[in-house]
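Observations on the three-dimensional arrangement
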Number of protein chains: 2
Amino acid sequence: MTTDSSHPFDKALQLHAKAPGQYTGVAPAPYWNMVGPFGGVTAATLLRAVLQHPELLGDPLSLTVNYGGGLVAGEFQIQAVPVRTNRSTQHWTLSILQPGPDGAPVVTTTGTAVTAVRRDTWSAADTPAPEVPRPGDLAAIPPAFGVEWLSRYEMRPVTGTIPPVWDGSGDHSLSQLWMRDAPLRAIDFCSLAAMADIFFPRVWLRRARQVPAGTVSITVYFHASQADLAATGDGYLLGQARGQEFRNGFFDHSAQLWNEAGTLLATSHQIVYYKE
Amino acid sequence: MTTDSSHPFDKALQLHAKAPGQYTGVAPAPYWNMVGPFGGVTAATLLRAVLQHPELLGDPLSLTVNYGGGLVAGEFQIQAVPVRTNRSTQHWTLSILQPGPDGAPVVTTTGTAVTAVRRDTWSAADTPAPEVPRPGDLAAIPPAFGVEWLSRYEMRPVTGTIPPVWDGSGDHSLSQLWMRDAPLRAIDFCSLAAMADIFFPRVWLRRARQVPAGTVSITVYFHASQADLAATGDGYLLGQARGQEFRNGFFDHSAQLWNEAGTLLATSHQIVYYKE
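Residues numbered from 1 in each chain as written. Chains lettered and ligands numbered in written order. Predicted model: local features only at pLDDT ≥ 70, side-chain atom pairs only at ≥ 80, totals over all residues. Heavy atoms only, no water.

Once that is clear, we can look at the relation of the copies chain B and chain A. Copy one and copy two of the chain differ by a rotation about a common axis and a shift along it. For the pair chain B and chain A, the superposition axis carries a translation of 0.0 Å, the fit reaches an RMSD of 0.0 Å, and the rotation angle comes to 180°. Taken together, the rotation angle and the small translation identify this as a two-fold axis. A share of 100% of the interface residues of chain B reappears at the interface of chain A, consistent with the copies meeting face to face through the same patch. (Least-squares fit on C-alpha atoms with pLDDT ≥ 70 in both. Contact = heavy atoms within 4.5 Å.)

What follows covers the interface of chain B and chain A. Of the residues lining the interface, 62 residues belong to chain B; the matching set on chain A comes to 62 residues. Across the interface of chain B and chain A, roughly 5,300 Å² is buried in total on both sides, 52% from carbon and sulfur atoms. A per-residue breakdown of the area chain B buries against chain A is headed by B:Trp122, B:Gln244 and B:Arg247, which together make up 14% of the total. Taken together, the connections running from chain B to chain A amount to 4 salt bridges. In this structure, the salt-bridge partner of B:Asp228 is A:Arg247, at a minimum N-O distance of 2.9 Å. On inspection of chain B and its partner chain A, the count reaches 50 residue pairs in polar contact (both at pLDDT 80 or more). Broken down by element, the side of chain B that touches chain A gets its largest block of residues, 8 residues, from strand β6 (residues 105-116) of chain B. Split by residue class, the side of chain B that touches chain A holds 20 nonpolar, 30 polar and 12 charged. Where strand β11 (residues 237-247) of chain A meets strand β7 (residues 124-125) of chain B, 2 bridges bridge the pair, whose relative direction is antiparallel. If you follow A:Phe246 over to β7(B), its bridge partner there is B:Ala124. (Buried area = accessible area lost by both parts, 1.4 Å probe. Salt bridge = Lys/Arg side-chain N within 4 Å of Asp/Glu carboxyl O. Polar contact = N/O pair within 3.5 Å; in protein donor to acceptor, adjacent residues only side chain to side chain. Helix = DSSP H or I, 4+ residues; strand = E, 2+ residues; numbered from the N terminus. Nonpolar A, V, L, I, M, F, W, Y, C, P; charged D, E, K, R; others polar. Pairing = 2+ DSSP bridges.)

Let's shift gears to the environment of A:Leu237. All names here are of chain A. Of note, Leu237 is situated in strand β11. The spacing of Leu237 and Leu177 is 60 residues in sequence and 8.1 Å in space, taken between C-alpha atoms. Apart from residues lying up to four places away in sequence, Leu237 is in contact with Leu177, Trp178, Met179, Ile187, Leu192, Met195, Thr232, Leu257, Trp258, Asn259 and Leu265.

Right, let's get into the nonpolar core. Here is a general trend for soluble globular proteins: nonpolar side chains tend to be buried in one another's company. In this structure, A:Phe9, A:Leu63, A:Trp149, A:Tyr153 and A:Leu192 are the most contacted members of the largest nonpolar core, which totals 55 residues. Once residues within four sequence positions are removed from consideration, A:Leu63 is found in contact with A:Ala43, A:Leu47, A:Leu94, A:Thr112, A:Ala113, A:Ala193, A:Ile218, A:Thr219, A:Val220 and A:Phe222. Counting residues in hydrophobic clusters, the runner-up holds 54 residues, among them B:Leu46, B:Leu47, B:Tyr67 and B:Phe199. (Core = buried A, V, L, I, M, F, W, Y, C linked by side-chain atoms within 4.5 Å. Buried < 20%, exposed > 50% of the residue type's maximum accessible area, 1.4 Å probe, protein only.)

Looking now at unusual backbone geometry. A cis geometry characterises the amide bond from A:Ala182 onward to A:Pro183, with omega recorded as 0°. Residue position: A:Pro183 is located in the loop between β9 (174-181) and α3 (189-195). Despite not being glycine, A:Asn248 shows a phi value in the positive range, around 45°. Positive phi outside glycine occurs at B:Glu276, with the angle close to 80°. Inspection of the secondary structure assignment puts B:Glu276 in the segment after β13 (264-274).

In the numbering used here, UniProt assigns the feature "domain: Acyl-CoA thioesterase-like C-terminal" (unreviewed entry) to residues 140-273 of chain A. Along residues 140-273 of chain A, the helical share is 15% and the strand share 42%, with 29 Å between the first and last C-alpha atoms. (UniProt positions renumbered as here; feature names shortened; annotations may be inferred.)

Residue and element names in this part refer to chain A. Considering the arrangement of structural elements, one finds Pro212 in the loop between α4 (202-207) and β10 (213-222). Considered as a pair, Pro212 and Pro201 are 11 residues apart in the sequence and their alpha carbons are 9.2 Å apart. Not counting residues up to four positions away in its chain, the partners in contact with Pro212 are Tyr273, Tyr274, Lys275 and Glu276.

Residues and elements named next belong to chain A. Scanning the model with the defined rule gives 20 salt bridges over all chains in all. Arg185 is paired through a salt bridge with Asp188; the nearest N and O atoms lie 2.7 Å apart. Relative accessible area serves as the criterion here: at 5%, Arg185 is assigned to the buried category. A relative accessible area of 18% places Asp188 in the buried class. Two residues, Glu245 and Arg247, come together in a salt bridge whose shortest N-O distance is 2.9 Å. The buried category is assigned to Glu245, whose relative accessible area is 2%. We classify Arg247 as buried; its relative accessible area is 11%. A cluster of three or more residues bridged by salt bridges with shared partners is formed by Asp10, Arg48, Arg185 and Asp188.

Residues and elements named next belong to chain B. Under the 1.5 Å per step criterion, the end-to-end length of helix α2 (residues 39-51) is 18 Å for 13 residues, consistent within 8% with the ideal 18 Å. Taking burial as the measure, the 13 residues of α2 include 12 buried ones, the bulk of the element. Gly39, Gly40, Val41, Thr42, Ala43, Ala44, Thr45, Leu46, Leu47, Arg48, Ala49 and Val50 are the residues of α2 that are buried. (Expected span 1.5 Å × (residues − 1).)

Within the element layout of this structure, B:Thr108 appears in strand β6. Side chain to side chain, B:Thr108 and B:Thr109 meet in a polar contact 2.8 Å long. Not counting the four nearest positions on each side in its chain, B:Thr108 is found in contact with A:Arg84, B:Asn66, B:Tyr67, B:Gly68, B:Gly69, B:Gly70, B:Leu71, B:Ile96, B:Leu97 and B:Gln98.

Attention shifts here to the side chain of B:Arg180. All names here are of chain B. Within the element layout of this structure, Arg180 appears in strand β9 (residues 174-181). In terms of polar contacts, Arg180 uses its side chain to reach the side chain of Tyr236, at 3.0 Å. With residues near it in sequence (within four places) discarded, Arg180 still touches Arg152, Tyr153, Glu154, Met195, Asp234, Gly235 and Tyr236.

For the rest of this paragraph, the subject is the packing of aromatic side chains. All names here are of chain A. All chains considered together, the criterion is met by 26 aromatic pairs over all chains. Summarising the aromatic geometry, the rings of Trp166 and Trp204 are spaced 6.0 Å apart at their centres and angled 85° between planes, so their arrangement reads as edge-to-face. Of the two residues, Trp166 is situated in the loop between β8 (153-159) and β9 and Trp204 in helix α4; the sequence distance between them amounts to 38 residues. A relative accessible area of 34% places Trp166 in the partly exposed class. Relative accessible area serves as the criterion here: at 6%, Trp204 is assigned to the buried category. The structure contains a cluster of three or more aromatic residues connected by ring pairs, namely Phe9, Tyr31, Phe38, Trp149 and Tyr153. Over the ring of Phe200 we find Arg202; its NZ or CZ atom is 4.7 Å from the centre of that ring. (Phe/Tyr/Trp six-rings, centres within 6.5 Å; stacked < 30°, edge-to-face > 60°. Lys NZ or Arg CZ within 6 Å of the ring centre and 35° of its normal.)

Have a look at this one:
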């Protein structure tokens, strides 16, 4: 259950600390999407910056990442600042910078995070995992497109796959799929954050039309403890995402991620740009 | 349909610009909650700071506010910085500061926002408003507690009211209610942001037990245009909120806000601390 540091995900998230909260990293080719890295890995990298900060308190509770501009190949800088530390919660501001057209650093990505020390309390799971076939009973699909990051995940769709034909016939926006890292890797908070962004744009499914689209802002709420993650190991997660509203160039979706035992590890929401 | 500047909501959001993006305001007594102002008004105030910035591009698309510490009575400072402006989107970082125990300013609240110029595109409403009685057929309830802000809203619950007895009998976390400002006020993006936080803690409903609870982070996605808001006027909004997971001191909920015509104006999510 130990994390192999030679795994592409760990390599992608490698940061070099210049000072507390000041890091440099390199945009990861193995997770490349169409015009920059997979946004889930960018979110995970910001979370990694928080988690390796020497003043960290607790575990991830919430993470919001706003994609102002795509990362380009090469080095980036991260700033992760614990702006307020309470007894059991800590509030972080996050940003990624890369050199702009004139060489001066420009902000590509902003974010905030909250980490928290959690205590045993009354608990209730109010969003049961849907009844779906087990991952072993479903086929793993080949990457839907020729982008690199899709080869870094094993995906076994239950429903709501990428439309086989773009014929404008779509009538819903619900996807469910089993997923895990490829090659296998024991899950941690960072890979959970990345997987929360794995869903292809709901507008493609809803319209059965492949229009340009990209996440503008994502929020992840972490319900899992370290023990829940350890119990999940390198098993599958069941992800579910459904669009709520598609309006004038932007849609939002709501998503849930359970482990195979049915524990809800994270919930997530995002708002996404689309064209036409 | 003009906004009366003598309305308590407008007074609460009054900011004085010291420089672009640097404002001072006063924590509003008419919206006081138990130990500080109603969090929805705090979120609305941050949004107001964005909207009165001279470099503003477009209308609100998303807003995330993290409550690091409660505001106390008296003056506060807001910083609203447009850290990145694209052709049709603009990314903002937000913070509120108040003097700490030693007089030096400390961060009470962090946030991010995205504003956007929206264009007419294919659109689809995928979260229809639930079939519920009209507001005129439901009774307006008196404020459930002796806190001031509850008197600033008219609320006509459909289902999921505050439990009449705290007997531990709860079995769900769904609330639906019609709401509007009291006194009446034509809705705008700021009051919409505030109303997105109107729901009492889901844990009280789910447990029928009133434990200490407070929002840690809220995100609002705005689907409404200026025209949708104008069409809504001072009519009712139908709000719906449901908890997703209650675990070890924190729960999250997902919420929707429609106008009387059934247009989804905003969706929202929050993660909330609770004790025991």
